[in-house]
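# Examination of the molecular architecture
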Amino acid sequence: MTDDRARVILNGKSAQIPEVREAIKALRKAGANLEVRVTWEAGDALRFCAEASREGVSRLIAGGGDGTVNELVNGLMQLDRAERPALGVLPLGSANDFANGAGIPLEPRLALALALEASPRWADVVCLGGQYYLNMASCGFGAEVTSSTPKAMKRMLGGGAYSLMGALQAWRYQPYQGRLSWPEGESDAPLFLLAIGNGCQAGGGQRLAPSAKLDDGLLEVLIVRDFESLSGLRQALDELAALPACGDYVNYFQTTRLRFDSDAELPLTLDGEPFEWKHFEAEVLPGELALLLPAKCPLMSLAPGC
Ligand SMILES: Nc1ncnc2c1ncn2[C@@H]1O[C@H](COP(=O)(O)OP(=O)(O)OP(=O)(O)O)[C@@H](O)[C@H]1O
Ligand SMILES: [Mg+2]
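None of these values were measured; they are calculated from a predicted model.

A word on the overall build of the protein. Per the secondary structure count, the protein includes 9 helices and 14 strands. Scored against the burial criterion, the 306 residues of the protein give a buried share of 47%. Across the protein, every contact between residues at least 6 apart in sequence was considered, and the portion connecting residues at least 24 apart equals 75%.

Pasting the structure below:
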């Protein structure tokens, strides 16, 4: 274990979980220099990043769901690159899509031990409409499911709630109109689903960008165009399984930036948090954050130490 100064930013919702208390107690007993700050409301985690950097914390651990990870990413991106502590994750949400995609253990003691021991590795961050995210932006079917699923239900059912809400919402789904453009192409067909991945999954386990890497300097884009008939739905599902670069309904490709323009607001979920934009540009910023990841993290193309 390193003697680096480490600090957990714990979402207040999860502050009294016995396993978290026990894990922190045990790791401190084993010699870890591990502090805790608890958030009361939105914005606290953002401020705690600046405080941690000022106070010489070198490992900052997001204790919460994807929304807490996202707040820390935004807080860290407000700091100069050299001033940013490395970021670890103690997954305590209901979906934990980033942690699950990255192979971070869900068991608190193992997740904390990993964040205390891992060698930091540089990862890309995405900037979209002035917001930063680490994992995925998604819109349409998957995004609505995530932002409208009641919190209590998410907690009760874990990832299962997303699929249930998804099935129900499919019946009253409206496609989105807008124009997408990227350096190599464009599309203005009605959208059923859009995912812009840095990580690989969103919406409680939906692997919308299965070949995404955090260190390749690229965005992974999945566009699913609206289908009007049952045979269209069948073909879209077949294409979703194969992810062609240029199918009738599905486009799956890598690029460095993607623009969206429309007359109507597009609801977009960034790392599990809901936003709406008529226009936005997503751009990948290579190697901005040092992450504390498992040695065999499936989202990294380079081995540790590279
Ligand atoms: N003490 C608190 N009580 C309630 N909400 C809080 C508290 N502190 C922060 N928040 C808010 O919690 C949200 C983030 O929740 P987070 O994503 O970590 O958990 P979750 O939504 O339950 O998990 P998941 O996104 O994985 O389903 C943010 O919007 C943040 O502002
Ligand atoms: Mg959340």
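In this section: the domain arrangement of the protein. Partitioning the protein into structural domains gives domain 1 (6-120) and domain 2 (131-286). Mapped by element, the contributors of at least two residues to the side of domain 1 that touches domain 2 are α3 (66-77) and α4 (97-102). The leading source of residues in the side of domain 1 that touches domain 2 is α3, at 7 residues. When its residues are assigned to classes, the side of domain 1 that touches domain 2 shows 6 nonpolar, 7 polar and 2 charged.

Turning our attention to the site of ligand 1. The full set close to ligand 1 counts 18 residues, and Gly-12, Ala-42, Gly-65, Gly-67 and Gly-93 are the nearest of them. The element best represented in the shell around ligand 1 is α3, accounting for 3 residues. Here the residues of the shell around ligand 1 are counted per class, giving 3 nonpolar, 11 polar and 4 charged.

As a further point, take the environment of Gln-201. Along the chain, Gln-201 falls in the loop between β10 (191-197) and β11 (219-225). Along the backbone, Gln-201 and Leu-230 are 29 residues apart, and their C-alpha atoms lie at a distance of 26 Å. Contacts of Gln-201, omitting those with residues within four sequence positions, involve Asp-97, Asn-100, Gly-101, Gln-206, Arg-207 and Leu-208.

Rules used in this analysis
- All residue numbers refer to position in the chain's written sequence, counted from 1.
- Chain letters and ligand numbers both follow the written order, the letters beginning at A and the numbers at 1.
- A pLDDT threshold of at least 70 governs which residues receive local features in this predicted model, and a stricter bar of 80 or more applies before side-chain atom pairs are shown or counted, although totals over entire chains, interfaces and linings include all residues.
- Runs of E in the DSSP output that reach at least two residues are strands. Runs of H or I that reach at least four are helices, and both are numbered from the N terminus.
- Whether a residue is buried, exposed or partly exposed is read from the other C-beta atoms within 10 Å of its own C-beta, which are placed from the backbone; 20 or more gives buried, 12 or fewer gives exposed, and intermediate counts give partly exposed.
- Residues are treated as contacting if the C-beta atoms built from their backbones sit within 7 Å of each other.
- An automatic or database domain assignment supplies the residue ranges for each domain.
- Classes in brief: Ala, Val, Leu, Ile, Met, Phe, Trp, Tyr, Cys and Pro nonpolar; Asp, Glu, Lys and Arg charged; the others, Gly included, polar.
- What makes a residue near a molecule or strand is its C-beta atom, placed from the backbone, lying within 6 Å of it.

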